[in-house]
Amino acid sequence: MRLREIPITAWVGLFGIALVVFCALFAPLIAPYGETEVVGGVWQAGDSQFFFGLDNLGRDILSRLIYGTRTTLFVALAATVISFSLGIILSFTAAVSGGLVDTVFSRFNDLMMSIPTLIFALVVLAVLPQYLFVLILVMAVLDSTRVYRLGRAVALDVAVMEFVEAAKLRGEGKTWIIFREILPNTLSPLLAEFGLRFAFAILFLSTLSFLGLGIQPPTADWGGMVKDNKDGIIFGIPAALVPGGAIAALCICVNLVVDWLLKRTSSLKGGRGDA
Amino acid sequence: MSNSAEAGGQPARSLRDRFPLAALILERCLLSLILLLAVSVLIFAGVEALPGDFATTYLGQSATPQAVANIRADLGLDRPVVTRYFDWLGGVVQGDFGTSWASRNSVSEQVGNRLGNSLFLAGFAAIIAVPLAIGLGMLSVHFRDRMPDKIINVISLAAISLPEFFIGYLLILYFAVDFGIATFPATVYQGMGFLERVQTIALPTATLVLVVLAHMMRMTRAAILSVMSSAYMETAELKGLSSWRAIVKHAAPNALAPIINVVALNLAYLVVGVVVVEVVFVYPGMGQYMVDAVTVRDMPVVQACGLIFAAVYILLNMVADILAIVANPRLRHPR
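Residue indices follow the written sequence of each chain, beginning from 1 at its first position. The naming scheme follows written order: chains are lettered A onward, ligands numbered 1 onward. Totals for whole chains, interfaces and linings use every residue, but because this is a predicted model, local features are given only for residues with pLDDT of at least 70 and side-chain atom pairs only at 80 or more, for both listing and counting. Based on all heavy atoms of the structure, the side-chain values leave hydrogens and waters out of the count.

Asks: With reference to specific residues and values, describe the confidence of the model for chain B.
Replies: Residue and element names in this part refer to chain B. Looking at chain B as a whole, its pLDDT mean stands at 78, while 83% of the residues score no less than 70. Counting interchain partners and residues more than four positions distant, the pLDDT-below-50 stretch residues 1-9 has 8 contacts. Across the assembled chains, the prediction reports ipTM 0.80 with pTM 0.82. A residue's pLDDT is the predictor's confidence in that residue, given on a scale from 0 to 100. What makes two residues a contact is simply this: any of their non-hydrogen atoms within 4.5 Å.

Dropping the structure here:
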């Protein structure tokens, strides 16, 4: 793959993601003020000193935005990685084993998917204590149902191929078949799905935080910042729109990259290309 | 449809053979019912099995064991789980969701009012979004890989990435605060005139439409395109049909089943999207009720709302399946 074959939209996406990752890594160095430091009046408008203005407690929005990338990115990424590992391992096991294992896993997955994700999360988070790892796990488990469905469909396509049969006849174990035969041949669609799930995780986390059930204050987090500043909207103060815009921008960037990955996959398959 | 009850009541082979479609639909309905029952167990058991106790939350960490025991007895938490589940389920079937722990009011009464409000909002959004999405999807296929398609593609990609609350607040800031042509918050009350009500929910409806439109349009486009790449479409193209005619006459009938599926899926999505939009616009619906209950850990309300949302979702998915079976004869003979 040559660099110049990457379309401009994908470059925009990659640049945006890189910027956010940079902010997350070096937050204390680039942020002009502290995460919870009160530096001025409530909802002070933006000027040369405070670029985006101040929030509902007089904290610098730009600084909180930069610190917020850490929480948002970390939680969303952790949840996606766990959900992917879980979903892929279970779905590939189901596809390779077949029979009873497949039926039990798939029916249980159908059951989980018959409850809308947000509603399920609300029910579960109403009961569970509010810890960060609980939040990550809930997000991961709920999201893994979607990964499972895709993973099973993709793996079933590959599992009937001759080279898998050959591996079985050679006497390879299930682990070998899953990781050495099926995984490499399903990597491309799964990679695109990873991006989609990651974008979804960012949105989902922000929604939960916005509803007051995600990241707890005073830790900065984009969804939570929208919640903090939402009362200003009625007075025409756009402070809540800044973190909201940041969430939107990051998701657009991820989706742009995913879009390019998907196009590449479909052109590899040699179809008419646009389906 | 009148014979469908017979077909399921007694598993007579001849009836099943004579009315395969009715039997299939009945089977699907029964499956949904079982699913709903399983979901009710899941929601109830989930709330029971997980740690955390309302009594301790309510009284604080320093509560004496005696006070905690009193509250638990008061709320009926000291009885065995299975008994409580069947009590709860029996009540739910009769439309009684118990009493709220926090406000001591009847949950059913609240749910009754609010469910109507939520469905009104979601239904209104659906009426606008569905035709618009299908129209845009067809337009996008018609101009495939040309400027209009590319513009629609980029805009819809952006719209998918926008969180509901961002769209909501953006609309509030411009239309309610800056221009003053819409109302915020969107408070509706009983006895409100229909027109007035519609005017009040203009902004929440617009938000929901924007949220769901992009998804629905992209899926419609994909569904039509997968039909477009089939052999008979190539034939239609080669025999010189205009592309618009080919889409309307050949592609659309075959794309009907997937499009119905897309619509039903997105309506189900709408039901969930309502939660956030209601919170943004302070709209007195089910979503707002549920989120409030979750923050104070008011379990009967959470369980009731969870079950109702799941039921609507399952119902819509069932309708999607049945319509797809009716629209596509090939699905009637699963291999």
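Asks: Please give an account of the nonpolar core that cites residues and values.
Replies: Formed by 142 residues in total, the largest nonpolar core has its most connected members in Met139(A), Phe210(A), Leu211(A), Tyr169(B) and Met290(B). Secondary structure is summarised from DSSP: a helix means a run of H or I of at least four residues, a strand means a run of E of at least two, and numbering begins at the N terminus for each. At 17 residues, helix α13 (residues 243-281) of chain B tops the list of elements feeding residues into this core. Leaving out residues up to four positions away in the same chain, Phe210(A) has contacts with Gly223(A), Gly224(A), Val226(A), Lys227(A), Lys230(A), Phe165(B), Tyr169(B), Val276(B), Val279(B) and Val280(B). Within this scheme, the nonpolar core is defined by two criteria: the residues are buried Ala, Val, Leu, Ile, Met, Phe, Trp, Tyr or Cys, and they are joined through side-chain atoms within 4.5 Å. Relative accessibility under 20% of the residue-type maximum defines a buried residue, over 50% an exposed one, and the middle range a partly exposed one, all with a 1.4 Å probe and only protein chains included. Ranked by size, the runner-up nonpolar core spans 15 residues in total, among them Phe84(A), Ile88(A), Ala95(A) and Ala155(A).

Asks: Give me the lowdown on the interface of chain B and chain A, citing residues and values where you can.
Replies: Between chain B and chain A, the contact holds 51 residues from the first and 44 residues from the second. In this description, buried area is defined as the sum, over both parts, of the accessible area (probe of 1.4 Å) that is lost when the two are combined. With both sides pooled, the region where chain B packs onto chain A buries about 4200 Å², and carbon together with sulfur makes up 77% of that total. Think of a salt bridge as a Lys or Arg side-chain nitrogen and an Asp or Glu carboxyl oxygen that are within 4 Å of each other. The interface formed by chain B and chain A contains 1 salt bridge. For the salt bridge of Arg218(B) with Asp259(A), the shortest nitrogen-to-oxygen distance reads 3.7 Å.

Asks: Can you break down the state of the cysteines residue by residue, with the values?
Replies: Residues and elements named next belong to chain A. What counts as a disulfide here is a pair of cysteine sulfur atoms lying within 2.5 Å. This model, assessed by the stated rule, comprises 0 disulfides over all chains. The closest cysteine sulfur to the non-disulfide-bonded Cys251 is located on Cys253, 9.2 Å from its own sulfur. The class for Cys251 is buried, based on a relative accessible area of 1%.

Asks: So what about the packing of helix α3 (residues 61-97) of chain A against helix α6 (residues 132-159) of chain A? Which residues, and what values?
Replies: Residues and elements named next belong to chain A. Only the contacting stretch of a helix is used when fitting its axis, a line to C-alpha atoms as for every element, and angles between N-to-C directions run 0 to 180 degrees. At a closest axis distance of 6 Å, the pairing of α3 and α6 adopts a crossing angle of 40 degrees. Compared by their axis directions, α3 and α6 come out oblique. In the crossing of α3 with α6, the sense of the turn from one axis to the other is right-handed. Here the contact of α3 with α6 is built from residues that sort into 22 nonpolar, 5 polar and 2 charged. Under this scheme an angle from 65 to 115 degrees is roughly perpendicular, one under 35 degrees roughly parallel, and one over 145 degrees roughly antiparallel; angles in between are oblique. Should the near helix be turned counterclockwise from the far one by less than a right angle, the crossing is left-handed, whereas a clockwise turn marks it as right-handed. Residues are grouped as follows: Ala, Val, Leu, Ile, Met, Phe, Trp, Tyr, Cys and Pro are nonpolar; Asp, Glu, Lys and Arg are charged; every other residue, Gly included, is polar.

Asks: For the environment of Phe108(A), give the residues involved together with the corresponding values.
Replies: Tracing the sequence through the fold places Phe108(A) in helix α4 (residues 99-113). Using a relative accessible area of 48% as the deciding quantity, one classes Phe108(A) as partly exposed.

Asks: Please provide a residue-by-residue account of the packing of α13(B) against helix α15 (residues 299-327) of chain B, values included.
Replies: Residues and elements named next belong to chain B. Packing of α13 against α15 brings their axes to within 8 Å, and their N-to-C directions diverge by 170 degrees. Classified by the angle between their axes, α13 and α15 sit roughly antiparallel to one another. In this structure, α13 contributes Ala257, Ile260, Asn261, Ala264, Leu265, Leu267, Ala268, Val271 and Val275 to the contact, and α15 contributes Phe309, Val312, Tyr313, Leu316, Asn317, Ala320, Leu323, Ala324 and Ala327. Classifying every residue of the contact of α13 with α15 by side-chain character gives 16 nonpolar, 2 polar and no charged.

Asks: Tell me what's going on with the pattern of salt bridges, and back it up with residues and numbers.
Replies: One pass over the structure, following the stated rule, counts 10 salt bridges over all chains. Across the pair Asp228(A) and Arg64(A) runs a salt bridge, and its minimum N-O distance is 4.0 Å. Taken as a pair, Asp228(A) in helix α10 (residues 222-229) and Arg64(A) in helix α3 lie far apart in primary sequence, 164 residues in all. On the basis of relative accessibility, which here comes to 22%, the residue Asp228(A) falls in the partly exposed class. Judged by relative accessible area, which is 2%, Arg64(A) ranks as buried. Here Arg28(B) makes a salt bridge to Asp321(B), at a shortest N to O gap of 2.7 Å. Placement of Arg28(B) in helix α3 (residues 20-49) and of Asp321(B) in helix α15 is noted, with a sequence separation of 293 residues between them. You can call Arg28(B) buried: its relative accessible area is 17%. Within this structure, Asp143(A), Glu193(A) and Arg197(A) form a network of salt bridges that share partners.

Asks: Summarise the packing of aromatic side chains; cite the residues concerned and give the values.
Replies: For Phe, Tyr and Trp, rings pair up if their centres lie within 6.5 Å, where Trp contributes its six-membered ring, and each pair is then called stacked (planes under 30 degrees apart), edge-to-face (over 60) or tilted (otherwise). Inspection of the entire model under this criterion finds 9 aromatic pairs over all chains. Seen in terms of ring centroids, Phe22(A) and Phe26(A) are 5.1 Å apart; in terms of plane orientation they differ by 50 degrees. Their pairing is tilted. Following the ring pairs from residue to residue traces out a cluster consisting of Phe210(A), Phe165(B) and Tyr169(B). Placement of a charge over a ring requires the Lys NZ or Arg CZ to be within 6 Å of the ring centre, with the centre-to-atom vector within 35 degrees of the ring normal. Over the aromatic face of Trp176(A) sits the side chain of Arg180(A), whose NZ or CZ is 4.6 Å from the ring centroid. The aromatic ring of Phe200(A) is capped on one face by Arg197(A), whose charged end is 4.9 Å from the ring centroid.

Asks: Describe the side chain of Thr117(A), listing the residues and the values that go with them.
Replies: Residues and elements named next belong to chain A. Tracing the sequence through the fold places Thr117 in helix α5 (residues 117-127). For Thr117, a relative accessible area of 11% corresponds to the buried category. In this view, Thr117 contacts Leu142, Arg146 and Phe204; residues no more than four positions away in its chain are not counted.

Asks: Got a sec to walk through the environment of Ile247(B)? Specific residues and values, please.
Replies: All names here are of chain B. Among the secondary structure elements, Ile247 is positioned in helix α13. Residue Ile247 is classed as buried on the basis of its relative accessible area of 2%. Distance in space between the C-alpha atoms of Ile247 and Val227 is 9.6 Å, their sequence separation being 20 residues. Not counting the four nearest positions on each side in its chain, Ile247 is found in contact with Met138, Val141, His142, Met228 and Ala252.

Asks: Explain helix α9 (residues 164-178) of chain B residue by residue, including any values.
Replies: Residues and elements named next belong to chain B. In this model, α9 (15 residues) spans 20 Å end to end at C-alpha, consistent with the 21 Å of a helix rising 1.5 Å per residue. Along α9, the sharpest kink reaches roughly 30 degrees, centred on Ile172. Residues of α9 that are buried include every one of Glu164, Phe165, Phe166, Ile167, Gly168, Tyr169, Leu171, Ile172, Leu173 and Ala176, and no others. In a helix, the anticipated span is given by 1.5 Å times the number of residues less one. Note on bend: at a given residue it equals the angle between the axes fitted to the 7 residues ending there and to the 7 starting there.

Asks: Describe empty space enclosed by the protein, listing the residues and the values that go with them.
Replies: All names here are of chain B. A pocket here means an open set of points on a 1 Å grid, computed over the protein atoms alone, that has protein on both sides within 12 Å along at least five of seven lines. A cavity is instead a set of points where a 1.4 Å probe fits but cannot get out; residues with an atom within 4 Å of a point line either one. Grid points are joined across faces, edges and corners, and a volume is the space filled by probe spheres set on the points. One pass over the full model with this rule turns up 2 cavities of 30 Å³ or more. Space inside the largest cavity adds up to approximately 80 Å³. Lining the largest cavity are Leu115, Ser118, Leu119, Ala122, Val271, Val274, Met286, Ile308, Phe309 and Val312. For the lining of the largest cavity, the elements supplying multiple residues, two or more each, are α7 (107-142), α13 and α15. When residues in the lining of the largest cavity are grouped by element, the largest group, 4 residues, is from α7. In terms of residue class, the lining of the largest cavity is built from 9 nonpolar, 1 polar and no charged.

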